[in-house]
Amino acid sequence: MNQYGQILIDQSVKLDGLTSDSYMFSDIAKSLVEKGIEDASIELCAELAKVSNMSDGIRKQAKEVKDSLLMYYGYEKLYQIFHPEKSSYSVQNEEVKSLEELLNDLDKLVGLESVKKQIRNLIAYSKVQQLRRKIGLMSEKVTHHVAFLGNPGTGKTTVARIIGQIYKHLGILSKGHFLEVSRTDLIAGYQGQTALKVKKIVDRAKGGVLFIDEAYSITENENSDAYGRECLTELTKALEDYRDDLVVIVAGYTEPMNIFFNSNPGLKSRFSTFIEFPDYNSSELMSILQRLCVKNSYKINEDALMKIQVYIDESVDQKEEKFGNGRFVRNLFDKLVMNHANRVCLLDSPSIQDLTYIQVQDVDALRDSNCMNYKKYK
């Protein structure tokens, strides 16, 4: 019996003590938990409905039983029991890799040295705590939820995926799958539905990583957004209830995320680690561009490479607060490839070299899309 099953039985016993029907609710709960009779959940809900008009104390305890039932099964499973005719959601797992391969993937990421160091610290800590538990030593039971802070395009999603699979290898997560959501996925259109929507998302994420990008958007309209507050209340509860088999990673710009953490009492304390993702420097951005070229079977002519490096240096020097980082490089690569295609398609019989090399002309053509400042190139 897992801990949620025991909670359901305990809460049902308390309800029995408040009603005249001794041991009725707990008997149903035990048949559900101990014997695995799923239909007993339908019977339990029907019996709970019968006490909905009784005293405040009974109604409050009946709600505790309902919440325990939802915690035990999860929203998705409970929905399937009550609606067996409807198809269920299936979780797609990540590609299976060894722990060594995952650590290599982490090491091969461009830059992010401080991030890699903190991730390795988390791994080392988790390993040692598990070893201590195996031989009966005291070990802290801490949350593994993490906050990623920084500008876009700095590798937050990529690192989050790797963490999920690493935690699966360490036994922290049972599945290690990855579910990415945003405010739209969490907030419903009507009051009262958001909590159910959040519970459904959490149920799908259990056993893996729930990644919430731009998490601050949940509470951006904190003075008038009741839906956002409802979402955050339910999410904060889930962070504690399912911390044994769920890692929630929230990500976003540093300052808005600070406001986000202050919007709900106790939210910040649910996160054990805060990792700042630095912007890439010009050398790292060039490395990312060259990796994109290799991955897509392109090469850059030496003269073209020099012009691109000057442009990247200038862009980093003049960058705004929310500089795109990796996304900036991806957009630059896409434009270069398009310009290359427009040039090569005019050739009668392009050679392998023509089809492979990005030339100075392709860089110069960026001028037409106002992509570059050419004052330095004249």
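All of the points below concern the structure found in this document. The model shown is predicted, which means the values in this text are computed figures rather than measured ones.

**Things to note about the packing of helix α6 (residues 99-108) against helix α7 (residues 113-134)**
No. 1: Between α6 and α7, the least distance of the axes is 10 Å, while the angle of their chain directions is 155°. Considering their axes alone, α6 and α7 lie roughly antiparallel with respect to each other. For the element pair α6 and α7, the recorded crossing hand is left-handed. Residues Leu99, Leu103, Leu106 and Asp107 of α6 pack against Lys116, Ile119, Arg120, Ile123 and Lys127 of α7.
No. 2: For the contact of α6 with α7, the class distribution of residues is five nonpolar, no polar and four charged.

**Structural notes on the packing of aromatic side chains**
No. 1: A complete count under the given rule lists eight aromatic pairs for this structure.
No. 2: Pairing Phe148 with Phe277 gives two aromatic rings, centres 4.7 Å apart and planes at 55°, and the pair type is tilted. Here Phe148, found in strand β1 (residues 146-150), pairs with Phe277, found in strand β5 (residues 273-277); they are 129 residues apart in sequence, far enough to count as distant. Both residues of the pair, Phe148 and Phe277, belong to the buried class.
No. 3: Their ring planes at 80° and their centres at 6.1 Å tell us that Tyr298 and Phe333 sit as a pair that is edge-to-face. Pair noted here: Tyr298 is in the loop between α13 (282-295) and β6 (299-300) and Phe333 is in helix α15 (residues 326-344), with a separation of 35 residues, a long-range link. Accessibility assignment for this pair places Tyr298 and Phe333 in one class, buried.
No. 4: Following the ring pairs from residue to residue traces out a cluster consisting of Phe260, Phe261, Phe271 and Phe274.
No. 5: Against the face of Phe274 rests Lys268, its NZ or CZ located 5.7 Å from the ring centre.

**Structural notes on the packing of α7 against helix α8 (residues 156-169)**
No. 1: In contact at an axis separation of 12 Å, α7 and α8 are set at 15° when each is read in the N-to-C sense. In terms of axis orientation, α7 runs roughly parallel to α8. Where α7 crosses over α8, the two elements pack in a sense that is right-handed. Of α8, the residues touching α7 (which contributes Val115, Ile119, Leu122 and Ile123) are Val159, Ile163, Ile166 and Tyr167.

About the thresholds
Numbering of residues starts from 1 in each chain and follows the order in which that chain's sequence is written. Totals for whole chains, interfaces and linings use all residues, but because this is a predicted model, local features are given only for residues with pLDDT of at least 70 and pairs of side-chain atoms are given and counted only at 80 or more. Remark: hydrogens and water are excluded; side-chain values derive from all non-hydrogen atoms of the structure. Axis lines are fitted to C-alpha atoms, over the contacting stretch for helices. Their N-to-C directions set the angle, which ranges from 0 to 180 degrees. Every helix listed is a DSSP run of H or I at least four residues long, and every strand listed is a run of E at least two residues long, numbered separately from the N terminus. For classification purposes, an angle smaller than 35 degrees is called roughly parallel, one larger than 145 roughly antiparallel, one from 65 to 115 roughly perpendicular, and anything else oblique. Here a crossing is taken to be left-handed if its near helix is turned anticlockwise relative to the far helix by less than a right angle, and right-handed if that turn runs clockwise. Whether two residues are in contact is decided by their heavy atoms, any of which lying within 4.5 Å being enough. Amino acid classes used here: Ala, Val, Leu, Ile, Met, Phe, Trp, Tyr, Cys and Pro are nonpolar; Asp, Glu, Lys and Arg are charged; the rest, including Gly, are polar. Ring pairs are drawn from Phe, Tyr and Trp, using the six-membered ring of Trp, whenever the two centres fall within 6.5 Å, and their geometry is named by plane angle: stacked under 30 degrees, edge-to-face over 60, tilted for the rest. For the exposure calls, accessible area comes from a 1.4 Å probe over protein chains only, and a residue counts as buried if that area is under 20% of its type's maximum, exposed if over 50%, partly exposed in between. Placement of a positive charge over a ring is assigned whenever Lys NZ or Arg CZ falls within 6 Å of the ring centre and within 35 degrees of the normal to the ring plane.

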